Amino acid sequence: MSESKNKLINHAQINWSDQSEPISTLFDDVYFNTEQGLNESVYVFIQGNNLEQRWLNCETEYFSIAETGFGTGLNFLITCLQFHHFTEQHPSALLARLHFTSFEKYPLTKVDLETALQRWPQLSDFIAPLLAQYPMAITGCHRITLDKFNITLDLWFGDVLETLPSLYLYDSGLFDCWYLDGFAPSKNPEMWSEQLFKQIAESCKKGASIATFTAAGFVRRGLVDAGFTMQKRKGYGKKREMLIGQMRTDICKKQLYAEHFRQTAQTNSKDVAIVGGGIASACLSLALVKRGYKVTLYCKDANLADGASGNRQGALYPLLNAEHDSLGQFFANSFLYARNYVALLNQFTPFDFDFSGLLQLYYDQTAGTKLDKILQAQLPKELVKKLSNKQTDQIAQLNIDQQSLFYELGGWLNPKQMVQAIFKKAQNEGKLSIKLNKQLDSFSEDYNGWKLQFSDQSVTHPLLVLTTAMNSLEFKQCKAIPLSAARGQVTYIPTNETIKKLKVTLCHEGYLTPVNKHMHCMGATFKRHELDTGFSVQEQIDNKQKLAKCITNKEWVEQIECSHQDANVGIRCTTRDHFPYVGALANYEETKIHYRNAQKRENTNNAPFYNNLFILTGLGSRGLRTAPLLAEMLASQVNSEPLPFPNDILNALQTNRQWINYLKKGKKLKFE
Ligand code: FAD
Ligand code: SAM
């Protein structure tokens, strides 16, 4: 795998000057000026973009900034401080949230970042959450949330020339403002290119501005050619000049990058109905209320998290592969986000989880070959590394005597408690209303949006999101989505003197968790196409046999007691390619017509979707790790904000992906 494919991310190599200034050895340039770094950032980027005035006059409730080169995050952090001052001084301003997107090819290590930022105590309120969520060096978007300040940071690791074109662009553009940073053009000529200037221009919203510390003639001319009106301004301190500019509105145009993808809500209303009650609905409710939506949740059960999200302990680790392809990236980035999400949520409402690590065991040759392949991706060891038999036992604190992959950031969490905690946090925002015992029978379009039919009433909401797992297939609009059910029973086992020593979650064909409240979870069975949720004696036995098959001849396994009925049964809602279905719901009947000549057609853009109807389902066996970031993605999409996945992953998440692939290949669809 080559770096040029933008998959492996290398850290910045830093030299520290005598004044403790960070200097890049690769670029032979400083990250910031020791004495004046902060003031220079404010002068060049914040004042250069006239942000104070623009925030005051802002006609939307969020503002979106992009930057080339995150470096030490100084520009981001000082922008956070200024934005915080703005919201404090102007509590009734329309603008309430800040979205900051930064692209970084060589991220600093966390240690270097911490060292570099020590000199700015005035930014400590923002440095702490940044450091707590700062990602390891893996490709893609790392979404970091500073909820207390209504600030979101999307940190894209990879070369900006490759990552920026992978972002989905709305018709109206993505960014209100650009900070063009990235070492002196003479030190980094590859980045300061016509190609970059053009990509930046294409990503701009109407009236977007740009500022850069350089006054280099080729930069000015390049930005003018790309569509900006540029002017020189006095540079900071001893620097003679710098550049500022504005997007010429006639140049803004969107490129169609994501063929299966349809943007945003087609209404200004912020009244949304979510149908569900599990982890998907919980994460989405919170993501939407944070954005000012008024959410009504309809759940058919008497309690929340009575479906698949109702277990006591679920495992958390990424699904990886040799290529670190779209699927691997999707799971790795979602997993890292989920970890941060859990930690932040726990500060609000404590619930049971333990991220002390997870071992995936080499229990037979096929499993071993599969696990060895993961190592070919050369991902950071802090994400995944191989352990010997002895190391496995040391980490597990139990006699297993097998090789394993160790995910030191993995672990388990209590899904039911987590769902309840998320809903509590969402309710705390004062914009969520939960209606239990409300089974949605059907829905149809009416003048004001979507009319929802329950047995005792009908209600209309302008926006509708389905998070109804397998039950989604009961709605005529969803019947053709390729979902399949897999029943699973988890066995709750009482702890004993031996297994209570287990320190980390063990995964094999199933999983075994460390003790929590005197119990462990041993699971889970996987019965394809079975929808029955009754308890099964046989499946208790199956769970133990699965463990005994994978960890052989161990007394502690034999001693496990499962001849009781303490268990939980849920139905997984799975997809063939392991990607969930997330986004606007594609219209099946219209898709068939639109793509009837797809075999011959070259341009297959503009796929047909329902207006204001969205879905988040198909979370399979891994929803606990993916739901938090998917909910952010969907809420961002509904609200036309930058999305935390690149286009290849967005395409892979669309409900129409299989239909369109079949139609392009001339294959028959299931429902004619
Ligand atoms: P659900 O939690 O099933 O929620 C669907 C909700 O929709 C329910 O509340 C239901 O009442 C509601 N609903 C449905 N139809 C209607 C309607 N018509 N009207 C109103 N409401 C409706 N994931 C992991 O990451 N790690 C694990 O270790 C793990 N272990 C698992 C073990 C088992 C046995 C099972 C079953 C799943 C496991 N999973 C695990 C997967 C994970 O639990 C699921 O991916 C996740 O819970 C799915 O969440 P959801 O919100 O999509 O669905
Ligand atoms: N804005 C930063 C801050 O506030 O600390 C300082 C940025 S530093 C001067 C320049 C950054 O640009 C470095 O971190 C460097 O790794 C990054 N960079 C250089 N070329 C890049 C590229 N092609 N794509 C993304 N980042 C790049």
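Everything that follows concerns the structure shown earlier in this document.
The rules we used
- Residues numbered from 1 in each chain as written.
- Chains lettered and ligands numbered in written order.
- Predicted model: local features only at pLDDT ≥ 70, side-chain atom pairs only at ≥ 80, totals over all residues.
- Heavy atoms only, no water.
- Core = buried A, V, L, I, M, F, W, Y, C linked by side-chain atoms within 4.5 Å.
- Buried < 20%, exposed > 50% of the residue type's maximum accessible area, 1.4 Å probe, protein only.
- Helix = DSSP H or I, 4+ residues; strand = E, 2+ residues; numbered from the N terminus.
- Contact = heavy atoms within 4.5 Å.
- Near = heavy atom within 4 Å.
- Polar contact = N/O pair within 3.5 Å; in protein donor to acceptor, adjacent residues only side chain to side chain.
- Areas by Shrake-Rupley, 256 points an atom, 1.4 Å probe, with all protein chains shown as cover.
- Salt bridge = Lys/Arg side-chain N within 4 Å of Asp/Glu carboxyl O.
- Pairing = 2+ DSSP bridges.
- Axes fitted to C-alpha atoms, helices over the stretch in contact; angles between N-to-C directions.
- Parallel < 35°, antiparallel > 145°, perpendicular 65-115°, else oblique.
- Left-handed = near helix turned anticlockwise from the far one by under 90°.
- Nonpolar A, V, L, I, M, F, W, Y, C, P; charged D, E, K, R; others polar.
- Expected span 1.5 Å × (residues − 1).
- Phe/Tyr/Trp six-rings, centres within 6.5 Å; stacked < 30°, edge-to-face > 60°.
- Lys NZ or Arg CZ within 6 Å of the ring centre and 35° of its normal.

Caption draft 1: Region of interest: the nonpolar core. Counting 209 residues, the largest nonpolar core has Leu452 and Leu466 as the members making the most contacts within it. The element contributing the most residues to this core is helix α10 (residues 326–348), with eleven residues. Filtering out sequence-adjacent residues up to four positions away, Leu466 remains in contact with Val275, Leu440, Phe443, Phe475, Cys478, Leu613, Phe614, Ile615 and Leu616.

Caption draft 2: Spatial organisation of the site of ligand 2. Taken together, 22 residues form the shell around ligand 2, and within it Gly69, Thr72, Asn75, Glu104 and Asp181 come nearest. Here an oxygen atom of ligand 2 and a backbone polar atom of Phe70 are 3.5 Å apart. Contact between ligand 2 and Val160: a nitrogen atom at 3.0 Å from a main-chain N or O atom of the residue. Notes on ligand 2: free accessible area 600 Å², of which the protein chains cover 97%.

Caption draft 3: Region of interest: the pattern of salt bridges. Under the defined criterion, the tally for this structure stands at 31 salt bridges. A salt bridge links Glu40 to Lys239; its shortest N-O distance comes to 2.6 Å. Residue Glu40 is located in helix α1 (residues 37–47), and its partner Lys239 is located in the loop between β10 (228–234) and β11 (241–247); the two are separated by 199 residues in the primary sequence. Exposure remark for Glu40: the relative accessible area of 13% places this residue in the buried category. Each of the salt bridges in this network shares a partner with another, and the network as a whole consists of Glu61, Arg97, Arg143, Asp147, Asp154, Lys270, Lys290, Arg291, Lys425, Glu632 and Glu641.

Caption draft 4: Structural context of the sheet that holds strand β19 (residues 411–413). The three strands lie next to each other as β14-β19-β15, forming an open sheet whose pairing is antiparallel. Edge positions in the sheet fall to β14 (314–316) and β15 (353–354), since each has one partner strand and no second. Across two bridges, β15 lies against β19 in antiparallel orientation. Across the sheet, residue Phe353 finds its bridge partner in β19, namely Leu413.

Caption draft 5: Fine view of the packing of helix α9 (residues 279–290) against helix α13 (residues 415–428). Running from amino to carboxyl end, α9 crosses α13 at an angle of 20°, the nearest separation of the two axes being 9 Å. On the basis of the axis angle, α9 is roughly parallel to α13. The chirality of how α9 crosses α13 is left-handed. Note on element contacts: α13 touches α9 through Met418, Val419, Ile422, Phe423, Lys425 and Ala426, opposite Ile279, Ser281, Ala282, Cys283, Ser285, Leu286 and Val289. Across the contact of α9 with α13, the residue classes tally to ten nonpolar, two polar and one charged.

Caption draft 6: Representation of the pairing of strand β31 (residues 581–586) within the structure. Across the six residues that make up β31, a large majority, six, are buried. In this sheet, strand β32 (residues 609–617) lies alongside β31 in antiparallel orientation, the contact comprising five bridges. Bridge pairing links Tyr581 to Thr617 in β32.

Caption draft 7: Looking closely at the site of ligand 1. Residues in close proximity to ligand 1 total 37 residues, the closest being Asp301, Ser309, Ala315, Leu440 and Gly620. Within the contact set of ligand 1, an oxygen atom lies 3.2 Å away from a backbone nitrogen or oxygen of Ile279. Between ligand 1 and Lys300, the relevant distance is 3.0 Å, taken from a nitrogen atom to a main-chain nitrogen or oxygen of the residue. Taking 1,000 Å² as the accessible area of ligand 1 by itself, protein coverage stands at 96%.

Caption draft 8: How the structure looks around helix α3 (residues 74–89). When the terminal C-alpha atoms of α3 are compared, their 23 Å separation across 16 residues agrees well with the 22 Å that a helix rising 1.5 Å per residue should span. Residues of α3 that are buried include every one of Leu74, Asn75, Phe76, Leu77, Ile78, Thr79, Cys80, Leu81, Phe83 and Phe86, and no others.

Caption draft 9: View of the side chain of Glu641. With respect to the element layout, Glu641 can be found in the loop between α17 (623–638) and α18 (647–652). Judged by its relative accessible area of 1%, Glu641 is buried. For Glu641, the contacting residues outside a window of four places in its chain are Tyr62, Arg97, His99, Tyr170, Arg291 and Ser636.

Caption draft 10: Structural context of the packing of aromatic side chains. In total, this model carries 31 aromatic pairs according to the counting rule given. Aromatic side chains Phe330 and Phe645 sit 5.5 Å apart centroid to centroid with 50° between the ring planes, which places their arrangement in the tilted category. One end of the pair, Phe330, is in helix α10; the other, Phe645, is in the loop between α17 and α18, with 315 residues separating them in the sequence. Of the two residues, Phe330 and Phe645, both sit in the buried class. One aromatic cluster in this structure is built from Phe45, Phe70, Phe76, Phe100 and Tyr179. The ring of Phe454 has Lys438 lying over it, and the distance from NZ or CZ to the ring centre is 5.3 Å. Positioned above the aromatic ring of Tyr662 is the side chain of Lys667, whose terminal nitrogen or guanidinium carbon lies 4.3 Å from the ring centre.

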